Amino acid sequence: AQKITQTQPGMFVQEKEAVTLDCTYDTSDQSYGLFWYKQPSSGEMIFLIYQGSYDEQNATEGRYSLNFQKARKSANLVISASQLGDSAMYFCAMREGSGDRGSTLGRLYFGRGTQLTVWP
Amino acid sequence: DTGVSQDPRHKITKRGQNVTFRCDPISEHNRLYWYRQTLGQGPEFLTYFQNEAQLEKSRLLSDRFSAERPKGSFSTLEIQRTEQGDSAMYLCASSATGLKETQYFGPGTRLLVL
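Given the structure is predicted, the values throughout are model-derived calculations rather than measurements.

In this structure the tally under the stated criterion is 17 aromatic pairs over all chains. Measuring from centroid to centroid gives 5.9 Å for Tyr-35 of chain B and Phe-45 of chain B, while their planes differ by 75°, and the two rings are edge-to-face. Taken together, the residues Tyr-35 of chain B in strand β4 (residues 31-37) and Phe-45 of chain B in strand β5 (residues 44-50) connect sequence positions 10 residues apart. When sorted by exposure, Tyr-35 of chain B lands in the same class as Phe-45 of chain B, which is buried. Site record: aromatic cluster; members linked through ring pairs are Phe-35, Tyr-37, Phe-47, Tyr-50, Phe-91 and Phe-110 of chain A together with Tyr-33, Tyr-35, Phe-45, Tyr-48, Tyr-104 and Phe-105 of chain B.

Below you can see the structure in the form of structure tokens.
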């Protein structure tokens, strides 16, 4: 079974509008961490936001927020006030056995990504 | 504060040749990771080090692949007898042990095997 599922291969949004990128995850661990990364065409993975499984509040970082619904095992990324420079590939990732209780495992599991295009 | 660096950024080689990639992590980070990314896919984990110890290896890391981190600083990833299926982006990341333990990625090395 896929650990991370991103069901939207591509999304389009007009500049200054908000957009939600979907991510669902599968784990039997109680402690885990969820991440979103942005990958422009240059190829580098840029960290955007983190949510620990024990965090009670949804994470926010500037224009990025994470809509964490633990019971549904979803961790959607919300980008507010989209900008042309937000056009990129976005990946959701999970690390099991870690989060707010310390890390025991290192690897990240990634989804297949969502290509976001922002148009003027 | 410099980020993760990788060298070379691009490599073209012929099938059967050996290649070696280098990764320099963020200086205070004790963990270092290698991932491989093929077109249209997310990165897939290959291996990771805590200091100089290699703690986990993926089944993707066949016996043609070897990784080292001899002094707990930079790391090398070597592919012997390259195959066309090895063509991919090889990404290195580093992190510091802690609560969030965010992995920060380098720019990657794009390998093309002809």
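In this section: the interface of chain A and chain B. As a measure of interface size, the accessible area lost when the parts come together is often cited. Across the contact, 23 residues belong to chain A and 26 residues belong to chain B. Here chain A packs against chain B, burying approximately 1,900 Å² in sum over the two surfaces, 48% of which is carbon and sulfur. Counting every contact that joins chain A to chain B gives 1 salt bridge. With its nearest N and O atoms 2.9 Å apart, the salt bridge here joins Glu-56 of chain B to Arg-107 of chain A.

What counts, and where the lines are drawn
- Residues numbered from 1 in each chain as written.
- Chains lettered and ligands numbered in written order.
- Predicted model: local features only at pLDDT ≥ 70, side-chain atom pairs only at ≥ 80, totals over all residues.
- Heavy atoms only, no water.
- Phe/Tyr/Trp six-rings, centres within 6.5 Å; stacked < 30°, edge-to-face > 60°.
- Helix = DSSP H or I, 4+ residues; strand = E, 2+ residues; numbered from the N terminus.
- Buried < 20%, exposed > 50% of the residue type's maximum accessible area, 1.4 Å probe, protein only.
- Contact = heavy atoms within 4.5 Å.
- Buried area = accessible area lost by both parts, 1.4 Å probe.
- Salt bridge = Lys/Arg side-chain N within 4 Å of Asp/Glu carboxyl O.

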